[in-house]
Amino acid sequence: MSSLLLRSARRAAALASLALVGACGGLTDNSTPTPNRYGAVNIRGRATSNTAVRANATVIFFEAITIAVPNSTLQQTDNCIFQGVDTLPQVARGQFRAGESVSLTASGNTITMPYADALQRYATPDASPLAYNSGDVAQVSIPGSSGAFPAQNISVKLAEPLLPQAITVPQPGVPLPVRWNGTNDPSAAVIIQLKYADPTSSTFANRQVYCEVKDDGAFDIPANGLTSFLISPANLRSLTLTRWRTNEVLPDAKTVLHIVTSVDTVVALP
């Protein structure tokens, strides 16, 4: 993961898989390090209509000295970098339980997420994904476990479907305009991933222009970032937009419970 990813929803996925390192404001920083306690709730969805989403959720609990915790409200400027594409699957794996099950409530429905010993985590059952609509809020209730993690509730406004406009691949020297239904909500942010093969002999999309932007509905990928993309084989080029939103609570000086909601949208390229 890059330094930019450490400020993104992808960074939230890393939080869920214990891959983050860095500083976490608000928790105790002792000269003799002792572990802090973290809970990570990850709700990831795909739109099923212009206003509806179907999502899966995972919840893990673990200890670490310090980690960087993603915060969507900090995305006040637009940034892009070049980076390699991480093709390795990310699996959220915890260290301990915080009760027998975790409840997830949204759109008037409550889903019970049982603890799975194999991955030491809680997850929505395969047959019971979370269905919600734009404007819904998710409430997660953690029963807690003595000495492991305190009982705690957390909520977040769920990420709405992201509806992109048609994309036109530009000529060399011209930016690539990306447009979508921006919320102008300061709690939300958007990730743009423009993937391609570099060199052109690569058999898969191994590079990307990765941008983190405000959710205002408009961003132009700079022309100087498109050179390799434009000469990549067309069948290895792709564009994905992700809207994400976060929240966190600090039950005490050594504990943080974090939640992230995101919706991925793959944009068709001509």
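Anything mentioned here points back to the structure above.
What counts as what
Residues numbered from 1 in each chain as written. Predicted model: local features only at pLDDT ≥ 70, side-chain atom pairs only at ≥ 80, totals over all residues. Heavy atoms only, no water. Salt bridge = Lys/Arg side-chain N within 4 Å of Asp/Glu carboxyl O. Helix = DSSP H or I, 4+ residues; strand = E, 2+ residues; numbered from the N terminus.

Colleague: Explanation requested: the pattern of salt bridges in the structure shown.
Modeller: Pairing between side chains of opposite charge can happen when their charged atoms approach one another. Overall, the coordinates contain 11 salt bridges when judged by the stated rule. Taking the shortest distance from any N to any O, the salt bridge between lysine 157 and aspartate 185 comes out at 3.8 Å. Note that lysine 157 is positioned in strand β9 (residues 152–157) and aspartate 185 in the loop between β10 (176–179) and β11 (188–196), a separation of 28 residues in sequence. Within this structure, Lys157, Glu160, Asp185 and Arg245 form a network of salt bridges that share partners.

Colleague: I keep staring at unusual backbone geometry and nothing clicks. Help me out?
Modeller: Most peptide bonds take the trans configuration, and most residues that are not glycine carry a negative phi. The amide bond that connects aspartate 198 to the next residue, proline 199, takes the cis arrangement and shows omega of 10°. Here proline 199 lies in the loop between β11 and β12 (207–214). Located in the positive-phi region is glutamine 120, a residue other than glycine, with phi close to 50°. Counting through the fold element by element, glutamine 120 comes out in the loop between β5 (109–116) and β6 (121–123). One non-glycine residue, asparagine 184, lies in positive phi territory at about 55°. Considering the arrangement of structural elements, one finds asparagine 184 in the loop between β10 and β11.

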